[in-house]
Amino acid sequence: MEQEQAPRWWAVVAVMIGIFLLVTAEQLPIGLLSQVAASMGVMPGMAGLMVTVPGVVAAFSAPLLPVAVGRLDRRIMLTVLMLVMVAGSVLSALASSFSLLLAARVLVGLSIGGFWAVAGSIAPRLVPQAQVPKAMTMIFGGVAAASVLGVPLGTLLGDLSNWRVAFGALGVFSLLTAIALWCWLPPLPPREPVRLRVLAQQFSNRGVRVAVLTTGFVVVGHFAAYTFISPILQEISGISQRHVGSLLLLYGAAGIVGNIAAGMFADRHPYRAVLAIPSLLLLVVAAFPMLGVQPSSGVMLLMAWGAVFGSVSVSIQTWILRTAPNTEAATALMAFTFNMSIGLGAMLGGRIVDGTSLPIAMWAASGLFLLGALLVIRTPARVVGVKSR
């Protein structure tokens with residue numbers, strides 16, 4: 001059996017780096033938005049399509065690419081997707097117009113969705129069963145690491161040189177990662193080809209339904225508020241703009257800590273781990289406009305926010321591994337939900353902020369966290385194979 005083979009930790013590392021680069025690529029335009037807008041002669045709002053386009057494309061490529069490739073070896077699939085990422089990054093760096101830049105971002109979106117859909121389901125095929133939680137923590141640690149290292153370093157590189165250099169650097173590192181994936185991953189033929197009907201069948205499983213819906217509530221709520229974290233820290237907590245970048249590094253570091261802690265806890269208590277996420281986010285984000293009115297309290301709440309959200313990916317994926325009849329199909333649906341929710345959350349938050357205020361946006365986000373918590377509470381703990389107390 002694959003679980004009895006020696007652990008392939010270098011393969012896990014390669015997949016983690018792939019996730020790290022893809023999430024960095026998805027979010028990097030946020031830090032370079034003004035520079036790209038000025039260079040391309042477009043308004044900042046239009047430049048925001050650099051984030052929206054790959055997010056929407058990733059949402060649809062996540063469930064559809066595994067269906068399209070059928071029985072293709074997942075080692076080949078992940079390597080090719082990373083090469084597509086290389087092409088998207090290089091073409092972004094060379095784009096002579098904004099329309100060509102958006103076309104290049106479509107390729108980035110294809111890579112993100114397809115890679116994420118497969119990466120989350122292969123940990124049990126790379127290490128023995130007892131070490132799966134550690135492997136899952138490492139793979140999804142790439143998401144938190146992208147926030148704490150990838151995006152800030154990419155933004156710094158763009159500020160010191162040019163935004164094109166930052167995108168070009170992503171292409172170089174993606175090429176090296178594609179080589180590592182090919183060399184370190186073992187052959188990974190799909191255990192069961194993903195079909196459209198198989199995707200639909202996942203919703204007949206209550207555990208999968210709850211995971212997908214909870215993820216939607218949490219991620220839409222998070223990005224409805226977090227997209228505006230810079231004005232939140234400045235206007236609510238009274239923190240100077242020059243300190244925001246450093247605080248976001250700390251936020252990302254807290255996310256890594258949360259990811260590691262959740263990886264250890266979720267394997268034994270997946271129900272409690274998932275329930276804790278919307279419940280704690282509800283408390284932190286709802287309290288921010290009232291308690292985060294000083295720089296010190298604002299920083300404390302920001303760190304708590306980062307730690308809790310950093311635990312989302314590994315906790316939900318552990319729930320999926322316990323409940324899904326087809327983990328690759330269910331993970332594809334999760335990747336669709338996550339990426340689509342990023343775009344929806346940012347759009348929802350923008351409309352609320354423009355129409356009302358930052359505190360209202362945070363309280364609206366808290367309402368979505370409440371819905372997520374109630375959904376999990378109404379789900380028996382035995383759904384994920386543990387007994388209620």
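In every chain, residue numbers begin from 1 and rise along the written sequence. The predicted nature of this model means local features are confined to residues of pLDDT at least 70 and side-chain atom pairs, given and counted, to a pLDDT of 80 or more, with totals for whole chains, interfaces and linings taken over all residues. Working from all heavy atoms in the structure, the side-chain values ignore hydrogens and water.

### Digging into the environment of Leu-175
Then, in step 1: Mapped onto the elements, Leu-175 comes out in helix α8 (residues 163–184).
Then, in step 2: Exposure categories follow from relative accessible area, calculated using a 1.4 Å probe and restricted to protein chains: below 20% of the type maximum is buried, above 50% is exposed, and the middle band is partly exposed. The class of Leu-175 is partly exposed, set by a relative accessible area of 40%.
Then, in step 3: When the C-alpha atoms of Leu-175 and Val-23 are compared, they prove to be 16 Å apart, with 152 residues separating the residues in sequence.
Then, in step 4: Throughout, a contact is declared for two residues whenever any of their heavy atoms are within 4.5 Å. What Leu-175 contacts, discounting residues up to four positions off in sequence, is Leu-83 and Val-86. In this text, helices come from DSSP runs of H or I with a minimum length of four residues, and strands from runs of E with a minimum of two, each type numbered from the N-terminal end.

### Section: helix α4 (residues 74–94)
Then, in step 1: Given the number of residues in a helix, its expected span is that number minus one, multiplied by 1.5 Å. Between its first and last C-alpha atoms α4 spans 30 Å; for 21 residues at 1.5 Å apiece the expected length is 30 Å, and the two agree.
Then, in step 2: Pairing of N or O atoms within 3.5 Å defines a polar contact, subject to two protein rules: one partner must be a possible hydrogen donor and the other a possible acceptor, and residues neighboring in sequence count only if both atoms are side-chain atoms. Measuring from the side-chain oxygen of the N-cap residue of α4 to the backbone nitrogen of Arg-75 gives 2.7 Å; that N-cap residue is Asp-73.

### Comments concerning empty space enclosed by the protein
Then, in step 1: Only protein atoms enter the 1 Å grid used here. Points where a 1.4 Å probe fits but cannot escape make up a cavity, open sets with protein on both sides within 12 Å along at least five of seven lines make up a pocket, and a residue lines them when an atom lies within 4 Å of a point. Grid points are joined across faces, edges and corners, and a volume is the space filled by probe spheres set on the points. Across all of its chains, the model carries two cavities of 30 Å³ or more by this definition.
Then, in step 2: Reported here for the largest cavity is a volume of approximately 100 Å³.
Then, in step 3: Taken together, Trp-116, Phe-140, Thr-215, Val-312, Ser-313, Ile-316, Gln-317, Thr-331, Met-334, Ala-335 and Phe-338 make up the lining of the largest cavity.
Then, in step 4: Listed by contribution, the elements that provide at least two residues to the lining of the largest cavity are α15 (312–323) and α16 (327–355).

### So, the nonpolar core
Then, in step 1: For our purposes a nonpolar core is just a set of buried Ala, Val, Leu, Ile, Met, Phe, Trp, Tyr and Cys residues, chained together by side-chain atoms within 4.5 Å. Judged by nonpolar contacts, the single largest core of 108 residues is most densely connected at Phe-115, Leu-185 and Trp-305.
Then, in step 2: Broken down by element, the residue count for this core peaks at 14 residues, all from helix α1 (residues 9–40).
Then, in step 3: Residues from two domains meet in this core; each of domain 1 (1–188) and domain 2 (195–388) gives at least three. Domains are outlined according to an automatic or database domain assignment.

### Some points on the domain arrangement of the protein chain
One frequent convention defines the size of an interface as the accessible area lost when the parts assemble.
Then, in step 1: The domains assigned to the protein chain are domain 1 (1–188) and domain 2 (195–388).
Then, in step 2: For domain 1 versus domain 2, the separation of C-alpha centres amounts to 21 Å.
Then, in step 3: Contacts between the two partners involve 31 residues from domain 1 and, on the opposite side, 28 residues from domain 2.
Then, in step 4: Summed over both partners, the accessible area (1.4 Å probe) lost when two parts come together is defined as the buried area. Here domain 1 and domain 2 share an interface that buries about 2500 Å² over both sides, 73% of which is from carbon and sulfur atoms.

### Here we look at the packing of aromatic side chains
Then, in step 1: Aromatic pairing here means that ring centres of Phe, Tyr or Trp (its six-membered ring) are within 6.5 Å. Orientation follows from the plane angle: under 30 degrees is stacked, over 60 is edge-to-face, and everything else is tilted. Tallied over the entire structure, the rule returns ten aromatic pairs.
Then, in step 2: Both rings, one in Phe-309 and one in Phe-338, keep their centres 6.5 Å apart while their planes meet at 45 degrees; by these two values the pair is tilted. Of this pair, Phe-309 sits in helix α14 (residues 295–309) while Phe-338 is found in helix α16, placing the two residues 29 residues apart along the sequence.
Then, in step 3: When its relative accessible area of 14% is taken as the criterion, Phe-309 is described as buried.
Then, in step 4: We call a charge positioned over a ring when the NZ of a Lys or the CZ of an Arg lies within 6 Å of the ring centre and within 35 degrees of the ring normal. Geometry around Trp-182 places Arg-75 over its ring, the cationic atom sitting 3.9 Å from the centre.
Then, in step 5: One cation-aromatic arrangement involves Lys-134 over Trp-9; the distance from NZ or CZ to the ring centre is 5.0 Å.

### Some words on the confidence of the model for the protein chain
Then, in step 1: Per-residue confidence from the predictor is reported as pLDDT, which spans 0 to 100. When pLDDT is averaged along the protein chain, the result is 85; 93% of the residues meet or exceed 70.
Then, in step 2: Looking at the elements of the protein chain, mean pLDDT is at its lowest for helix α2 (residues 44–47), recorded as 66, and at its highest for α8, recorded as 96.

### Re the packing of helix α3 (residues 49–69) against α4
Then, in step 1: Working convention: axes come from line fits to C-alpha atoms, limited for helices to the stretch in contact. Angles between N-to-C directions cover 0 to 180 degrees. It is at 12 Å that the axes of α3 and α4 come closest, and there the two elements cross at 130 degrees. When the interaxial angle is binned, α3 and α4 end up oblique. The hand of the α3/α4 crossing is right-handed. Within the contact between the two elements, α3 uses Leu-65, Pro-66 and Val-69 and α4 uses Arg-74, Met-77 and Leu-81.
Then, in step 2: Only Asp, Glu, Lys and Arg are considered charged, only Ala, Val, Leu, Ile, Met, Phe, Trp, Tyr, Cys and Pro nonpolar, and every remaining residue, Gly among them, polar. When the residues that make up the contact of α3 with α4 are grouped by side-chain class, the tally is five nonpolar, no polar and one charged. Every angle not falling under 35 degrees, over 145, or within 65 to 115 is termed oblique; those three ranges are roughly parallel, roughly antiparallel and roughly perpendicular. Crossings are classed by handedness, with left-handed meaning an anticlockwise turn of the near helix from the far one by less than a right angle and right-handed meaning a clockwise turn.

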